[in-house]
Amino acid sequence: MERTITVDGKTITLRATALVPRLYRHLIGRDMIQDMATLRKAYAAAEKAKKAGADEEEQNVASMSVMNLEIFEDVAWVMLRHAAEFRDTENGRVLMNGDMVVGKSPDEWLDQLDGTFSVYEVLPVILELWGANQKTTSTPAKK
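Keep in mind that what you see is a predicted model, and the values were worked out from it rather than measured.

**Q** For this particular structure, what's the right way to read unusual backbone geometry?
**A** Most peptide bonds adopt trans geometry, and most residues besides glycine take a negative phi value. One non-glycine residue, D8, adopts positive backbone phi at about 55°. Positionally, D8 belongs in the loop between β1 (2-7) and β2 (10-15).

**Q** How should I be thinking about the pairing of β1 in this particular structure?
**A** Looking along a regular strand, one sees side chains alternate from face to face of the sheet. Here β1 pairs with β2 via six bridges, running antiparallel. Directly across from E2, in β2, lies its bridge partner R15. What sits between the antiparallel neighbours β1 and β2 is a turn of two residues, in which D8 has the positive phi angle 55°.

**Q** For this particular structure, what's the right way to read the nonpolar core?
**A** Within soluble globular proteins, side chains that are nonpolar tend to cluster in buried spots. Counting residues in hydrophobic clusters, the biggest one holds 37 residues, and the most contacted among them are L14, V75, M79 and I126. A total of nine residues in this core trace back to one element, the largest contributor, which is helix α6 (residues 119-134). If we skip the residues at most four places from it in the chain, L14 touches M1, E2, R3, I5, A76, M79, L80, A83, V122, V125, I126 and L129.

**Q** Would you mind showing me how to read the packing of helix α2 (residues 32-51) against α6 here?
**A** In helix packing, the relevant descriptors are the interaxial angle and the interaxial distance, both defined with respect to the helix axes. Where α2 contacts α6, the axes come no closer than 11 Å and their chain directions differ by 130°. Between α2 and α6, the crossing angle belongs to the class labelled oblique. Judged by the twist between their axes, the crossing of α2 over α6 is left-handed. Here M32, I33, M36, L39, R40, Y43 and A46 of α2 lie close against α6, whose contacting residues are Y120, L123, P124, I126, L127 and W130. Across the contact of α2 with α6, the residue classes break down as twelve nonpolar, no polar and one charged.

**Q** How should I be thinking about the pattern of salt bridges in this particular structure?
**A** Pairing between side chains becomes possible if they bear opposite charge and their charged atoms approach one another. A complete count under the given rule lists four salt bridges for this structure. Measuring nitrogen to oxygen at the nearest pair gives 2.5 Å for the salt bridge that ties R3 to E128. Taken together, the positions of R3 in strand β1 and E128 in helix α6 put the pair 125 residues apart, joining distant regions of the chain. Looking at R3, the relative accessible area reads 27%, which means it is partly exposed. Assessed through its relative accessible area of 38%, E128 is described here as partly exposed.

Here is what the cut-offs are and how they apply
All residue numbers refer to positions counted from 1 along the written sequence of the respective chain. Only residues with pLDDT of 70 or above have their local features reported here, since the model is predicted, and side-chain atom pairs are shown and tallied only from 80 upward, although totals for entire chains, interfaces and linings are computed over all residues. Each side-chain value is worked out from all heavy atoms of the structure, with water and hydrogens disregarded. Helix and strand definitions follow DSSP, with helices as H or I runs of at least four residues and strands as E runs of at least two, each counted in order from the N terminus. Paired strands, in this sense, are two strands between which DSSP finds at least two bridges. Only buried residues count toward a nonpolar core. Its members are Ala, Val, Leu, Ile, Met, Phe, Trp, Tyr and Cys residues joined through side-chain atoms within 4.5 Å. Exposure is judged per residue with a 1.4 Å probe applied to protein chains only, and the accessible area is read against the type maximum: over 50% gives exposed, under 20% gives buried, and values in between give partly exposed. Should any heavy atoms of two residues lie within 4.5 Å, those residues are counted as being in contact. Angles here are taken between N-to-C directions and fall from 0 to 180 degrees, while the axes themselves are lines fitted to C-alpha atoms, restricted in helices to the stretch in contact. Here is the rule for angles: anything less than 35 degrees is roughly parallel, anything more than 145 is roughly antiparallel, 65 through 115 is roughly perpendicular, and the remaining ranges are oblique. Left-handed describes a crossing whose near helix is turned anticlockwise from the far helix by less than a right angle; the clockwise case is right-handed. Only Asp, Glu, Lys and Arg are considered charged in this grouping, and only Ala, Val, Leu, Ile, Met, Phe, Trp, Tyr, Cys and Pro are considered nonpolar; every other residue, Gly among them, is considered polar. Salt bridges are defined as contacts in which a side-chain nitrogen from Lys or Arg sits within 4 Å of a carboxyl oxygen from Asp or Glu.

Structure (structure tokens):
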């Protein structure tokens, strides 16, 4: 499943398939299933704080630790990389997604952004893609 979103005024595509957890483990070195569970809990805490009338800063404090933000950035980068296509440049082949160079690490990708982008705009898309990717199409053998 794919979704196209705008980050820092640039259009990018995020993609989630069965390959994403393997790419994440290979590229990031952590278990994506555990990390996504952590992100889902953090997002739920932020939504709960929002419903309770907390402002954005209070929502951030309630939910997103530095580790959670790093997980979010890593997951976004892996999904961005997975959706990327190759395009020729003067220096050889550069992995591109929309108008952005994917880079060899999340740090290279984030360094292209002029500022920060809203976790609360991108994280719901990531969670939606992940949830759709986790749905099974098989039926149980026993009832």
